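Residues per chain are reported as follows:
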Amino acid sequence: MTAVGADQRQQMAYVATQAADARLNVEIETEGMTLNIGPQHPATHGTLRLVARLDGEQVVEAEPIMGYMHRGYEKLAEVRTYPQVTTLINRIDWLGSFANEVPFILAAEKLMEVEAPPRAQWIRTALFELSRIANITLFLGDMAVQLGALTPVFMAFRDREFVLNQIEAATGGRFHPNFDRIGGLKDDLPQGWIDDTKQAMEKMRDFCDEFEELVLGNEIFQARSRGIGIVPAEVGLAYGLSGANIRASGVDWDLRRDGHEALAYDQVDWKVWTHPDGDSFARYWVRLQETREATHIVDQLLDGLPSGPIMAKVPRIIKVPAGEAYAATENPLGEMGYYVVSKGDLVPFRVKIRSASFSNISITPWLLKGVYVPDIITILASLYFILGDIDR
Amino acid sequence: MGLVESGKMPAPLTKLLNIGRKYSLWMYQWGLACCAIEMGAVIGSPRYDVMRLGVIPFPASPRQADLVVISGTVTDKMVPSILRLYQQMPDPKYVISMGSCANCGGPYWDSYSVTKGVDQIIPVDVYVPGCPPRPEALLEGIVLLQERIMNEDPAARWRGDPIVVD
Ligand code: SF4
């Protein structure tokens, strides 16, 4: 046996410490964990289920599981007549119901080669914007509540009533108006509605100003949303994001301005808001500005409302000639389109619905990779989806 | 066996107990679709304000709730969760079904994926009709439920149904 030399001993000591370090490493290595959010969770706006695999506080991968609100719209639309379909599609994006009807009616009008009279188009556009305001105000309160501020959601519910009252006064339905007809609208506006609506718009502008200070100016809100969930413009476009989500990434694209549907947006003076950052804060900011812009659009539309009939000449029993048509509009959540195939029958042969939330949510696995657990909530809230719009 | 379950409670005490139960309903909200927003208006909007009826929203878990409001479209995929929710609630428990969808399927009466009424899986105490019901309608449903609680014999409710675990 030879004596152990000094350098050899040193080497062994080194190996021993290495081994000890390795043991230590094994001990503090965080275990993987699967976190299930939903299917009923306030942060998922309904019934989205999210399965996230975590490593400590970080998300390794997250997968949205949908279908808890699948009601089979595309199949049901095949057994409903055209006027009945509008009743049904009100309920896709339930916060902005009127906005859901418009693209379908426009597609059907394309097939029938009728066009709504100007007055109907203007009122349609005004109601469209009102439903946008009713929809997005709730988002403005809701995202704040998910970041821990409870008051904004009460204020959103309170002030949203002003808009819902106006929608109800004009259409008879607080939530699901079912007011659009092929070739025009069901009724004209009631007396005094225009003045009342202008007052309501005044109140909504106050609401927006208040939120700009209360929420956007809040330090905690900024700390929790700035730089969280950044969507670069190319990635957003590749995933098919639309609406405020893509405008918050600096893409200047809005179907109200860039689309070719028969609505009155080209008659009024308004602006498309974009934000270069692409983070959660930017998405909130863009939506807030859009709400304010929508109140201005409504004001201008009501000022310049043309007179005339509100219904074009259409047969009582609607039979749509054979053919196919696609119409898309900029709904509160993003691009919503209907591809209607008709075989000349009372019912559509096939209706394909392109809804905004379905594409908006598809980016979550990419976006949630590597974020921390509290940021999941921020990102989900700021992407703003509605379950009915995802599952249909 | 406690005094309540045995059914030997004196009548004035029963009345007192019922008043107490009636005005401290912890309401668990199971919002599924459009109706959930109207339920949200009932809870969150100062214009409707359910708390003045003695109903307390947002319990932390169904295990602390007396009342569950099923509002919205119940799909077949959702049924197991609702069943589990109901089984988790302690007796006595009440169910309000809000909206045509939860009552009977509503506009999706011929859909392949929608359950035609939540009463196919759990017992319902009050049906609130409408699509969606106005917030006032849900408030009335709650008032009706409170009337029912006032007039019922607590012993029957306390024993509860045996929980079947499948
Ligand atoms: S009853 Fe009507 S409003 Fe309520 S969830 Fe069903 S479709 Fe929506």
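None of the values given here were measured: they were computed from a predicted structure.

(A) Highlighting the overall build of chain B. Counting its secondary structure elements, chain B contains seven helices and five strands. With the principal axes as the frame, chain B shows a C-alpha extent of 50 × 45 × 25 Å. Here chain B, with 166 residues, has 55% of them falling under the buried criterion. Considering only contacts in chain B between residues 6 or more positions apart, those separated by 24 or more positions represent 78%. Summing over all exposed atoms, chain B offers an accessible surface of approximately 7500 Å²; the carbon and sulfur share of this is 59%.

(B) Geometry of the packing of helix α5 (residues 118-146) of chain A against helix α6 (residues 151-171) of chain A. Residue and element names in this part refer to chain A. Between α5 and α6, whose axes approach to 8 Å, the crossing angle comes to 165°. If you check the angle between α5 and α6, you find them roughly antiparallel. As for the relative orientation of α5 and α6, their crossing is left-handed in sense. Every residue of α6 that contacts α5 at Leu127, Leu130, Ser131, Ile133, Ala134, Thr137, Leu138, Gly141, Asp142, Ala144 and Val145 is listed here: Pro152, Val153, Ala156, Phe157, Arg160, Val163, Leu164, Gln166, Ile167, Ala170 and Thr171.

(C) Local environment of the site of the ligand. Residue and element names in this part refer to chain B. Surveying the vicinity of the ligand reveals 15 residues, the closest of which are Cys34, Cys35, Ser100, Cys101 and Cys131. Going through the elements one at a time, α3 (34-44) and α5 (99-104) are the ones with two or more residues in the shell around the ligand. Sort the elements by how many residues they give to the shell around the ligand and α5 lands first, with three residues. Class assignment for the residues of the shell around the ligand results in eight nonpolar, six polar and one charged.

(D) The pattern of salt bridges, seen in detail. Throughout the structure, instances matching the rule amount to 31 salt bridges over all chains. Here Arg124 of chain A makes a salt bridge to Asp180 of chain A, at a shortest N to O gap of 2.9 Å. Separated by 56 residues along the polypeptide, Arg124 of chain A in helix α5 and Asp180 of chain A in strand β4 (residues 180-181) bring together distant segments of the chain. Like Asp180 of chain A, Arg124 of chain A is buried. Note that Arg134 of chain B is salt-bridged to Glu168 of chain A, the shortest N-O span being 2.6 Å. Of this pair, Arg134 of chain B sits in the loop between β5 (126-128) and α6 (135-151) while Glu168 of chain A sits in helix α6, placing the two residues on different chains. Three or more residues joined by partner-sharing salt bridges are found here, namely Glu129, Arg132, Arg247, Asp254, Arg256, Glu290 and Glu330 of chain A.

(E) How the structure looks around the environment of Gly259 of chain A. Relative to the assigned elements, Gly259 of chain A resides in the loop between α11 (255-258) and α12 (280-303). Considered as a pair, Gly259 of chain A and Thr329 of chain A are 70 residues apart in the sequence and their alpha carbons are 7.1 Å apart.

(F) How the structure looks around the interface of chain B and chain A. On the side of chain A, 31 residues touch chain B, which itself brings 32 residues to the contact. Carbon and sulfur atoms make up 61% of the area that chain B and chain A hide from each other, which totals about 2600 Å². Counting the surface chain B buries against chain A, the share from its top three residues, Ile37, Lys77 and Tyr108 of chain B, is 21%. At the boundary of chain B with chain A, the tally comes to four salt bridges. In this structure, Arg80 of chain A engages Asp110 of chain B in a salt bridge whose closest nitrogen and oxygen atoms are separated by 2.8 Å. Taken together, chain B and chain A are joined by 14 residue pairs in polar contact (both at pLDDT 80 or more). Elements with a minimum of two residues in the side of chain B that touches chain A: β1 (25-31) and α3 of chain B. Classifying every residue of the side of chain B that touches chain A by side-chain character gives 18 nonpolar, nine polar and five charged.

(G) Molecular detail of a nonpolar patch on the surface. A cluster of nonpolar side chains, Leu3, Leu13 and Leu16 of chain B, forms an exposed patch at the surface whose accessible area comes to about 290 Å². Summarising the element assignment, Leu13 of chain B is placed in helix α2 (residues 11-22).

(H) Main features of the confidence of the model for chain B. Of the residues in chain B, 91% have a pLDDT of 70 or more, and the chain-wide mean is 83. Across the predicted assembly, pTM comes out at 0.83 and ipTM at 0.78.

(I) Layout of the pairing of strand β4 (residues 94-98) of chain B. All names here are of chain B. Most of β4 sits inside the fold, with five of its five residues counted as buried. Note that strand β3 (residues 67-71) and β4 share five bridges and pair parallel. Looking at β4, one finds that Val68 is bridged to Val95. Taken together, β3, helix α4 (residues 79-88) and β4 form a β-α-β motif whose crossover is right-handed. Relative to β5, β4 is paired through three bridges, and the arrangement is parallel. The residue of β5 that forms the bridge with Met98 is Val128. This β-α-β element, β4 to α5 to β5, shows right-handed connectivity.

(J) Up close: α6 of chain A. Residue and element names in this part refer to chain A. Over its 21 residues, α6 runs 30 Å from end to end, which matches the ideal 30 Å to within 8%, given 1.5 Å per residue. At Glu161, α6 is bent by approximately 30°, the largest bend along its length. Backbone geometry just after α6 places Gly172 at a positive phi near 95°.

(K) Layout of the sheet that holds strand β3 (residues 58-65) of chain A. Residues and elements named next belong to chain A. In spatial order, the strands read β1-β2-β3; together these three strands make up an open sheet with antiparallel pairing. Two strands bound the open sheet, and with one partner strand each, they are β1 (32-37) and β3. The average angle at which neighbouring strand axes cross in this sheet is 20°, direction not considered. Here six bridges tie β1 to strand β2 (residues 49-55), and the two strands are oriented antiparallel to one another. When the sheet's bridge partners are listed, Met33 is paired in β2 with Leu54. Across the face of the sheet, helix α15 (residues 373-383) comes into contact with β1, β2 and β3 while running at roughly 150° to β2.

(L) Focus on the side chain of Ser225 of chain A. Residues and elements named next belong to chain A. Within the secondary structure layout, Ser225 lies in helix α8 (residues 219-225). Residue Ser225 is classed as buried on the basis of its relative accessible area of 0%. Within the structure, the side chain of Ser225 is placed 2.8 Å from the backbone oxygen of Phe221, a separation counted as a polar contact. Beyond its immediate stretch of four places on either side in the chain, Ser225 contacts Met143, Asp279, Ser280, Phe281 and Thr378.

Cut-offs and rules
Residues numbered from 1 in each chain as written. Chains lettered and ligands numbered in written order. Predicted model: local features only at pLDDT ≥ 70, side-chain atom pairs only at ≥ 80, totals over all residues. Heavy atoms only, no water. Helix = DSSP H or I, 4+ residues; strand = E, 2+ residues; numbered from the N terminus. Buried < 20%, exposed > 50% of the residue type's maximum accessible area, 1.4 Å probe, protein only. Contact = heavy atoms within 4.5 Å. Areas by Shrake-Rupley, 256 points an atom, 1.4 Å probe, with all protein chains shown as cover. Axes fitted to C-alpha atoms, helices over the stretch in contact; angles between N-to-C directions. Parallel < 35°, antiparallel > 145°, perpendicular 65-115°, else oblique. Left-handed = near helix turned anticlockwise from the far one by under 90°. Near = heavy atom within 4 Å. Nonpolar A, V, L, I, M, F, W, Y, C, P; charged D, E, K, R; others polar. Salt bridge = Lys/Arg side-chain N within 4 Å of Asp/Glu carboxyl O. Buried area = accessible area lost by both parts, 1.4 Å probe. Polar contact = N/O pair within 3.5 Å; in protein donor to acceptor, adjacent residues only side chain to side chain. Patch = residues over 30% accessible without salt bridge, like charges linked within 9 Å, V, L, I, M, F, W, Y side chains within 5 Å. pLDDT = per-residue confidence, 0-100. Pairing = 2+ DSSP bridges. Right-handed = clockwise from strand over helix to strand, strands pointing away. Expected span 1.5 Å × (residues − 1). Bend = angle between axes of the 7 residues up to and from the residue.

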